[in-house]
Amino acid sequence: MTNRRRFVLPPVAWFLLPWAAVYAAFFVFPFVFSFVLAFLDYNPLNVANTRFVGTANFARLFGDPAFGGALRNTILFVVGTVPVTTALALGVAGLMRGKIPLKGAFKAALFLPSILSVVVIALLFKLFYAPGGALNQALAGFGVAGHGWLTDPRTALPAIMAMDVWAAVGYYAIVLDAARTSIPDSLYEAAELEGAGAWATFRHVTFPLLKPAIAFVLVINTIRSFQVFVEVLVMTQGGPLGSTNTLVMYLYDTAFRRLDYGYASVVAYAVFLLSGVFSIIAMRRLRPETAEGRPI
Amino acid sequence: MTPRRGFLRYACLAASAAVLVAFAACGDKEKTGDDGAVVHFWQFWDLAVIQPLVDEFEAQHPDIDIEVEQLTWATGLEKIQAALASGTQPDVCELGSTWLPRFSYEGVLEDVTPVYEAERDSFLMWESALWKGRVYGLPWVQGSRALFVNRSLFRRAGLDPDQPPQTWDELLHAAEKISQLGTGIYGFGQNIGERYVLYKKFMAFAWGNGGDVFDESGEVVLNSPAVLEALEFYLKLAPYSLQEKQEVLDQYFKTGRLGMQVSGAWNLKNYKLEAPDLDYSVALVPKPAPDHGAHASFAGAEMLVVFKASPQKEAALQFARFLQAYPQAKKLSLAAGSVFPAALSAMHDPDFTTDPRVRVFVEQSLTSRTTPAHPGWIEMEEAIDRAVEESLYGRRAPRWCLDEAAREVQEIAARFQR
Amino acid sequence: MMRGVRFVVLAAVLVAMAYPLAWMIAISLKTADGVSLRYYGEVWQSGPFDRYFVNSFVVAAIVLAGNLLFCTMAGYAFARYRIRGGKLVFLLVLSTIMLPKQVILVPLYILMQRMGLIDTYWALTLPFLVDPFNIFLIRQYVSTIPTDCEEAARMDGAGEFTILFRVVFPMLKPVLAVVAIHTCLTNWNSFLFPFILTHSASMRTLPVGLAMLSQGAHSIDWGHLMAGAVVSALPVVAAFLVFQRRIIGGLTAGMSK
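Residues numbered from 1 in each chain as written. Chains lettered and ligands numbered in written order. Predicted model: local features only at pLDDT ≥ 70, side-chain atom pairs only at ≥ 80, totals over all residues.

Caption draft 1: Looking closely at the packing of helix 8 (residues 148-155) of chain C against helix 9 (residues 160-168) of chain C. Residue and element names in this part refer to chain C. Running from N to C, helix 8 and helix 9 cross one another at 130 degrees; their axes reach a closest spacing of 10 Å. As far as their axial angle goes, helix 9 and helix 8 are oblique. Relative to helix 9, helix 8 is oriented so that their crossing is right-handed. Between helix 8 and helix 9, the residues in contact are Cys149, Glu150, Ala153 and Arg154 and Ile163, Val167 and Val168, respectively. Class assignment of the residues belonging to the contact of helix 8 with helix 9 gives a composition of five nonpolar, no polar and two charged. (Axes fitted to C-alpha atoms, helices over the stretch in contact; angles between N-to-C directions. Helix = DSSP H or I, 4+ residues; strand = E, 2+ residues; numbered from the N terminus. Parallel < 35°, antiparallel > 145°, perpendicular 65-115°, else oblique. Left-handed = near helix turned anticlockwise from the far one by under 90°. Contact = placed C-beta atoms within 7 Å. Nonpolar A, V, L, I, M, F, W, Y, C, P; charged D, E, K, R; others polar.)

Caption draft 2: Region of interest: the interface of chain C and chain B. With 26 residues of chain C in contact, the opposing surface of chain B contributes 30 residues. Where the side of chain C that touches chain B is concerned, the elements lending two or more residues are helix 5 (105-114), helix 11 (192-197) and helix 12 (206-214) of chain C. Class assignment of the residues belonging to the side of chain C that touches chain B gives a composition of 16 nonpolar, seven polar and three charged.

Caption draft 3: Highlighting the interface of chain A and chain C. On the chain C side, the residues contacting the 58 residues of chain A number 61 residues. Those elements giving two or more residues to the side of chain A that touches chain C turn out to be helix 1 (11-37), helix 3 (65-95), helix 4 (103-115), helix 5 (118-129), helix 7 (156-180), helix 11 (247-257) and helix 12 (261-285) of chain A. Considering every element that reaches the side of chain A that touches chain C, the biggest residue donor is helix 1 of chain A, with 14 residues. Residue composition of the side of chain A that touches chain C, by class: 45 nonpolar, eleven polar and two charged.

Caption draft 4: Region of interest: helix 10 (residues 173-188) of chain C. For helix 10 of chain C, spanning 16 residues, the distance from its first C-alpha to its last is 22 Å, which sits close to the expected 22 Å at 1.5 Å a residue. Taken as a whole, helix 10 of chain C has its buried residues at Pro174, Val175, Leu176, Ala177, Val178, Val179, Ile181, Thr183, Cys184, Asn187 and Trp188 of chain C. (Expected span 1.5 Å × (residues − 1). Buried ≥ 20, exposed ≤ 12 C-beta atoms within 10 Å, placed from the backbone.)

Caption draft 5: Inspection of the pairing of strand 8 (residues 241-244) of chain B at higher detail. All names here are of chain B. In strand 8, alternate side chains face the same way, and those of Ser241 and Gln243 on one face and Leu242 and Glu244 on the other are all buried. As paired elements, strand 7 (residues 186-191) and strand 8 share four bridges and run parallel to each other. Bridged to Phe188 within strand 8 is Ser241. (Pairing = 2+ DSSP bridges.)

Caption draft 6: Quick look at the pairing of strand 11 (residues 297-306) of chain B. Residues and elements named next belong to chain B. Counting buried residues in strand 11 gives ten out of ten residues, a clear majority hidden from the surface. As paired strands, strand 6 (residues 138-150) and strand 11 are joined by six bridges and run antiparallel to one another. In the sheet register, Pro139 faces strand 11, and the bridge partner there is Met303. Examined bridge by bridge, strand 11 and strand 13 (residues 368-369) share two bridges and lie parallel to one another. Bridging across to strand 13, Ser297 finds its partner in Ser368.

Following this line, the structure appears as structure tokens:
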């Protein structure tokens, strides 16, 4: 069957060629450059004065309280948003089971937040959380005193987290809903016949078959959440008192405000490692079953 | 179904090699100058505002072609950095006064000391352009901060709106009285929770009291008694203040719920458009006591620089001086509505002295200070912001905060020894 | 009864999701002299705004086409062929998502500048033609499709390209719908790279043009910003409404047997 001559490229090579070309052309150099930066004292204004500093930047990481704070906040952010978003998305997807009037309208609404740019959403929520803003006004309606949500170090990060959950739930709900519709009704009928309640049905029918989709949602959301940045930049710039300083916010600051590209690179690779570790753990825990679980 | 595996590798390797070769061979793109000179100018104002000035210059100098590019305030700096890193920086660039010292320190700016020597008495705001005895930038436009006073709230509180607070005690008294008018009404506005603002407001009080970050000999005096007094006074204002981001403070003032705040001239334009009936006036920032200190305030300046590596230095400098000159700076200021020329001629120009509010801003610039011209300023301002914020949030005692901040500033300064 | 409760909860969710959009529109219509479309007019005239639209469309179309084509090829290859070091290469693909892109901002600019591509459509499209995330999606999906049809085609003597594009491609509609949505959305709203990699006003995309317009040094111009944001969101909303049936339908049809 394989009668190929030596110099003919096999199809797989052609299939991978476009990706490889784009990658080689536009990403190998920047990635290598940014990796090398971690070992340098590099300042864009003064490239000629670049010095090799070995692992000094890495060592700095360990004694840096700002990095520690950013790390802590980022992990808090990930742990606080990803499970909540996933659970809520599952819940909303479950709500849409079966025949519901206006289902299309609901799906469209769920999709709306994804259409807006993150900057616009962050700005809107900045207004929302402001002293005279909608949230405080609503609370006043219930007789509850308003609060400086974004200016209180204790509430600033949770406020941004809540916004992130709002922005992400709809999209993932649609994804999970689509995945759920692939579970054959016969299984649900069988469960009903066996007298299984809602929770048992979920645990033994829905969840195992949704594992790939849930894994997908978890991994993607985790990677994305580790890189939370634009929202922080727009709403609080890392304050108040560093309570919303995240790893990428810190990276951005270090590179573009303090002009210390080398150290910024180290922070970037810290994010890279963390995302990698978390993703691998998530993927292992949620290995798909051998049955028909279809990820999207 | 396993095709020759090696070929995949070769394909990728070949692609990478080809690209790297192409990349190495490409080299720098040369800037094409036609017959005359092309001067690239990067700046932050709306093109509609800056284009008339450019056109005028080109009309006067037919052999020079100006290419303008607009940068955004939020991300313009990244672009400048990318350009410098790749050798594609413009010839003339607008830089904020807080940024300039770092650029001077790194040696990327053209020395314009001769211009300074010729023009020094005609302009304010040279300080940020000075580095090690030489000058590296031209002050273009500036904006100081002054005290906005809501006259209706003053009246309601039993205060005389025509006698805005002149001293710290008067300021504290007024803030207290106004905040007693009811919930949701605040006497004073204090910035909190965002970067790049707080130190501007706080330092005004420190400078007014004779304090500063560095003294003449370059010693760090951030934790001196003068500054500590200013911080303690600032904390006294806290119970009667709305502590929020700049936007919110401006908004509250606009809707008549904030008695006083130190803010900038951009509000003059905004309030005229959005709250034409607001009864307010502008006053100099209060000084510590009738016989002590000064009405100091913060002023930020937009400076014009020429990059040392520019192939069109002469034309670039010519253009920069043109922009800096009073007629052009004035046109820009009037069009933008939020800044004033750095040129002293503005002090006597009826366009800037007739409107009482505008006149106060112009007057305030005479006693305004700008941030220390230190390359590490961006980090230092962060330390100062943090110190004041920590005191405002009641986390730490003011004395401790200032000592910490002084120590950090010292550390940062030590890193910039070139 | 349960159905009723579900409907009510879903309705509440709908309001929660749609509220900010409605608010956005409200802000964009509220001027100092009452409700008007003034901001929209001013936004449209603020610069070569129609050019921004065209640029955004062209770039989105090119990037979409590129992704649909090239990511399918790569995803299929990873799913079907055993490649030496394939797992490693695949991890390489994925790892590009895990590195914050801010760190390659300046290096990419330097590279583009040396290639002479700054301020061209190439700069706005080439680096984004093959998004590794899409490769990941397609590979996952393809690996769950049984190989029967492909084997049959191979028996009939079809070449690999034919198999991919004639046999497999049509089966990928659901995942391609997701790829299309994801690619279009990220591309349409993308700001940082288009800003850094272009200089002339005529090469700006919508997000860049809008940022120039509404973000002043000390204050945000809410009216113009929201009007711009609504204008920017309209094509996406329109596309979604038009293709919604197909997209959702495609997703569900492909999912169930």
